[in-house]
Amino acid sequence: MISSRWLVWIALGLPLLGACKGGPGPHAHADRPLRVVSYNIRHGVGMDDHLDLERTARVLRELDADVVLLQEVDEICGRSGSIDQAAWLANELGMQARFAPFMAFDGGRYGLATLSRLPIENAEVFALPPGRLEPRSALVLTVEWQGRDLRVANAHLDWLADDAERWRQAQTLALRLGEATPQSPVLLGGDLNDTPESRTLTALQTNPNPSAALRRLGPNSFTFPAPTPERTIDHFLFGPLGFARVSGLRVVDETQASDHRPIVVELVLRHAK
């Protein structure tokens, strides 16, 4: 259930991207590793088949991330109560939100979203080659972390067993993200719907410019399906590797809020200004 406070804000038409909690929170400039979460939230529907976005918010609140990459997010869709889910979660967590739509769906739009406590300097949405059943987009935010620009990319690739569209999406995504300069490292996270040894993950780590290539960080544990995971299809990649070291990387033992488990990476950036 969504709180009555949220319904009042909707009725008044007031801005909701972190407005109630004042935008970027107290951790935005803290001297700690950069903590990023990637989570396919299944539009707030858990393994009990109940829509409960407040449960999703509780999971994310406990993880206390600087940036959150969300997949399967609804914006004003009837099936999820006509709520702007990214804005609602941002409001609850004291973050800013940016949404990337894939397609119109059930009176609203369906896609992915990124939440950030860090200052957002730029947000870019670009189309990926469409899947046979659904179009796809990627969302790239440029955020400021300890005086440096960091591009944080969020992707949800095609899910069909035939990997042809997924592979083409990965190739396109790698080329676009490879446009980053050495002054703008890239962290990619998301539900990539393929395993570490797949050609999808190989494509994401292939770039004509080796200095701009991404490398998979992990995780090394299964992420899907949440109750008894047997595959790793949620991933983090980073490049160039010389700009950061991994200080923590894990799959969260959360079995009920979605059909995926959240993944968390902590990075310490080098060469800060």
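Residues numbered from 1 in each chain as written. Predicted model: local features only at pLDDT ≥ 70, side-chain atom pairs only at ≥ 80, totals over all residues. Heavy atoms only, no water.

### What to know about the overall build of the protein
From N to C terminus, the protein includes 5 helices and 12 strands. Considering the protein as a whole, with its 273 residues, one finds that 57% of them fall into the buried category. Sequence separation of 24 or more characterises 69% of the internal contacts of the protein that already satisfy a separation of 6 or more. (Helix = DSSP H or I, 4+ residues; strand = E, 2+ residues; numbered from the N terminus. Buried < 20%, exposed > 50% of the residue type's maximum accessible area, 1.4 Å probe, protein only. Contact = heavy atoms within 4.5 Å.)

### Some thoughts on the sheet that holds strand 3 (residues 96–105)
The strand order across the open sheet built from 6 strands is 3-4-2-1-12-11, with neighbouring strands paired in mixed fashion. Where the open sheet ends on each side, the last strands, each with one partner, are strand 3 and strand 11 (244–251). Strand-to-strand, the axes of this sheet are offset by a mean angle of 20°, without reference to chain direction. Relative to strand 4 (residues 108–116), strand 3 is paired through 9 bridges, and the arrangement is antiparallel. (Pairing = 2+ DSSP bridges. Axes fitted to C-alpha atoms, helices over the stretch in contact; angles between N-to-C directions.)

### Considerations on the environment of V37
One can find V37 in strand 1 (residues 34–40). Note on V37: relative accessible area 0%, which makes it buried. The spatial distance from the C-alpha of V37 to the C-alpha of P262 is 6.7 Å, given a sequence separation of 225 residues. Those residues within four positions of V37 in sequence are excluded, and the remaining contacts are L60, L63, A65, V67, V68, L69, F236, P262, I263 and V264.

### Considerations on the pairing of strand 6 (residues 136–145)
Counted residue by residue, strand 6 has 9 buried out of 10 residues, so it is predominantly covered. Relative to strand 7 (residues 148–156), strand 6 runs antiparallel, the two being bridged by 7 bridges. Its bridge partner lying in strand 7, V143 is registered against L150. Here strand 6 folds back onto strand 7, and the loop between the two strands holds 2 residues, one of which, Q146, carries a positive phi near 50°.

### Some words on empty space enclosed by the protein
Gaps left between atoms are located by rolling a probe of water-molecule size over the structure's atoms. On inspection of all chains with the given rule, the structure shows 1 cavity of 30 Å³ or more. In this structure, the largest cavity spans a volume of roughly 40 Å³. Here the residues of the lining of the largest cavity are counted per class, giving 6 nonpolar, 4 polar and no charged. (1 Å grid on protein atoms, 1.4 Å probe; cavity = no way out; pocket = protein on both sides within 12 Å on 5 of 7 lines; lining within 4 Å. Points joined across faces, edges and corners; volume = space filled by probe spheres on them. Nonpolar A, V, L, I, M, F, W, Y, C, P; charged D, E, K, R; others polar.)

### Describing the sheet that holds strand 10 (residues 234–239)
Pairing within the open sheet is mixed, and its 6 strands lie in the order 5-6-7-8-10-9. The open sheet has two edge strands, strand 5 (120–128) and strand 9 (215–218), and neither has a second partner. Ignoring strand direction, the axes of neighbouring strands in this sheet form an average angle of 25°. Across the face of the sheet, helix 4 (residues 164–177) comes into contact with strand 5, strand 6, strand 7 and strand 8 (186–191) while running at roughly 150° to strand 5.

### Focus: the packing of aromatic side chains
Aromatic rings in a pair are described by how distant their centres are and how their planes are angled relative to each other. A complete count under the given rule lists 2 aromatic pairs for this structure. Plain terms: the ring middles of F102 and Y110 are 5.9 Å apart, the flat faces sit at 80° to each other, and that makes the pair edge-to-face. Each member of the pair, F102 together with Y110, is buried. Ring geometry for F105 and Y110: centres 6.4 Å apart, planes at 55°, overall tilted. When its relative accessible area of 30% is taken as the criterion, F105 is described as partly exposed. One aromatic cluster in this structure is built from F102, F105 and Y110. Residue placement shows R176 over the ring face of F126; its charged tip is 4.1 Å from the ring centre. The ring of W167 has R199 sitting right over it, with the charged end atom 4.0 Å from the ring centre. (Phe/Tyr/Trp six-rings, centres within 6.5 Å; stacked < 30°, edge-to-face > 60°. Lys NZ or Arg CZ within 6 Å of the ring centre and 35° of its normal.)

### A few points about unusual backbone geometry
Note the cis peptide between G218 and P219, where omega equals 10°. Mapped onto the secondary structure, P219 falls in the loop between strand 9 and strand 10. For the bond running from G239 to P240, omega is -10°, close enough to zero to count as cis. For P240, the position within the fold is in the loop between strand 10 and strand 11. A positive phi is found at H43, a non-glycine position, where the angle reads about 45°. Positionally, H43 belongs in the loop between strand 1 and helix 2 (53–63). By relative accessible area, H43 is classed as buried at 13%.

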